[in-house]
Amino acid sequence: GESVGLHLPTLSVQEGDNSIINCAYSNSASDYFIWYKQESGKGPQFIIDIRSNMDKRQGQRVTVLLNKTVKHLSLQIAATQPGDSAVYFCGGMYSGGGADGLTFGKGTHLIIQP
Amino acid sequence: DVKVTQSSRYLVKRTGEKVFLECVQDMDHENMFWYRQDPGLGLRLIYFSYDVKMKEKGDIPEGYSVSREKKERFSLILESASTNQTSMYLCASTGTSATNEKLFFGSGTQLSVL
């Protein structure tokens, strides 16, 4: 099966700086990856996803990078704002199965310093 | 926007009680899921359902059961609640389109078993 892990449980950044949250996965067959943001007391909210036929995908102020060679993906948040403070976690799976195969990392708590 | 609604945000129950957690989605999604989320452990899949009347065990089904009598509703049942079932419970759904990997989550139910 898949094993997905985040590198740091906590990341502290200055407001206005860029944030980079990293994630590693174990199964080379995984071809779909997803990032969620979870604010305190709320359910996870979809941020961005990427398939393995891409190395990079951009959204609004966010970019996901996928390095299949080292089985690593990262979420970059540009110009971090106080509203970005949350727990971020990644998920990965082989898309030939169902969404029950989606495995999640434990999450990185992003703290924004004023 | 997809809306996944969990009936209770906070719930306090006593050991041995039967507990029902309700989840309703409004996007005609075929697939529904129940996860629990614990600090340091991340999201763990309890049960899922890919059709009405259908249910499949996830990674940690012990102590739980589910019911899917209608397409839009997926209930999680704790037959006899125990203190180790104190947790955040998250319901999620996906459709069966090409992008069926993307889970849409509810706001969660924080269950405390005393």
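Everything in this summary refers to the structure shown in the same document. (Residues numbered from 1 in each chain as written. Chains lettered and ligands numbered in written order. Predicted model: local features only at pLDDT ≥ 70, side-chain atom pairs only at ≥ 80, totals over all residues. Heavy atoms only, no water.)

Let us now look at the pairing of strand E4 (residues 32-38) of chain A. All names here are of chain A. Summarising burial for E4: seven of the seven residues are buried, a large majority. Burial of the side chains of E4 extends over both faces: Tyr32, Ile34, Tyr36 and Gln38 are buried on one face and Phe33, Trp35 and Lys37 on the other. Judged from the six bridges that link them, E4 and strand E5 (residues 45-51) form a sheet pairing that is antiparallel. Counterpart to isoleucine 34 in the pairing with E5 is aspartate 49. (Buried < 20%, exposed > 50% of the residue type's maximum accessible area, 1.4 Å probe, protein only. Helix = DSSP H or I, 4+ residues; strand = E, 2+ residues; numbered from the N terminus. Pairing = 2+ DSSP bridges.)

With that settled, the discussion passes to the nonpolar core. A general feature of soluble globular proteins is that nonpolar side chains tend to end up buried together. The biggest cluster of nonpolar side chains holds 21 residues, and the ones touching the most others in it are A:Trp35, A:Leu73, A:Leu75, A:Tyr88 and A:Leu110. If you list the elements that add at least two residues to this core, you get strand E2 (10-14), strand E3 (19-25), E4, E5, strand E7 (62-67), strand E8 (72-77), strand E9 (86-93) and strand E11 (108-113) of chain A. Other than its neighbours up to four places away in sequence, A:Leu75 contacts A:Ser19, A:Ile20, A:Ile21, A:Trp35, A:Ile47, A:Ile48, A:Val62, A:Thr63 and A:Tyr88. Grouped together as the second largest cluster of nonpolar side chains are 20 residues, B:Val19, B:Val66, B:Leu78 and B:Tyr89 included. (Core = buried A, V, L, I, M, F, W, Y, C linked by side-chain atoms within 4.5 Å. Contact = heavy atoms within 4.5 Å.)

Once that is clear, we can look at the packing of aromatic side chains. Residue and element names in this part refer to chain A. Under the criterion given, the structure shown has 14 aromatic pairs over all chains. A centroid spacing of 6.5 Å and a plane angle of 80° characterise the contact between tyrosine 36 and phenylalanine 46, whose relative ring orientation is edge-to-face. Taken together, the positions of tyrosine 36 in strand E4 and phenylalanine 46 in strand E5 put the pair ten residues apart, joining distant regions of the chain. Residue tyrosine 36 is classed as buried on the basis of its relative accessible area, which comes to 0%. Taking relative accessible area as the criterion, phenylalanine 46 reaches 27% and is therefore assigned partly exposed. (Phe/Tyr/Trp six-rings, centres within 6.5 Å; stacked < 30°, edge-to-face > 60°.)

So yeah, pure geometry; function would need other evidence.
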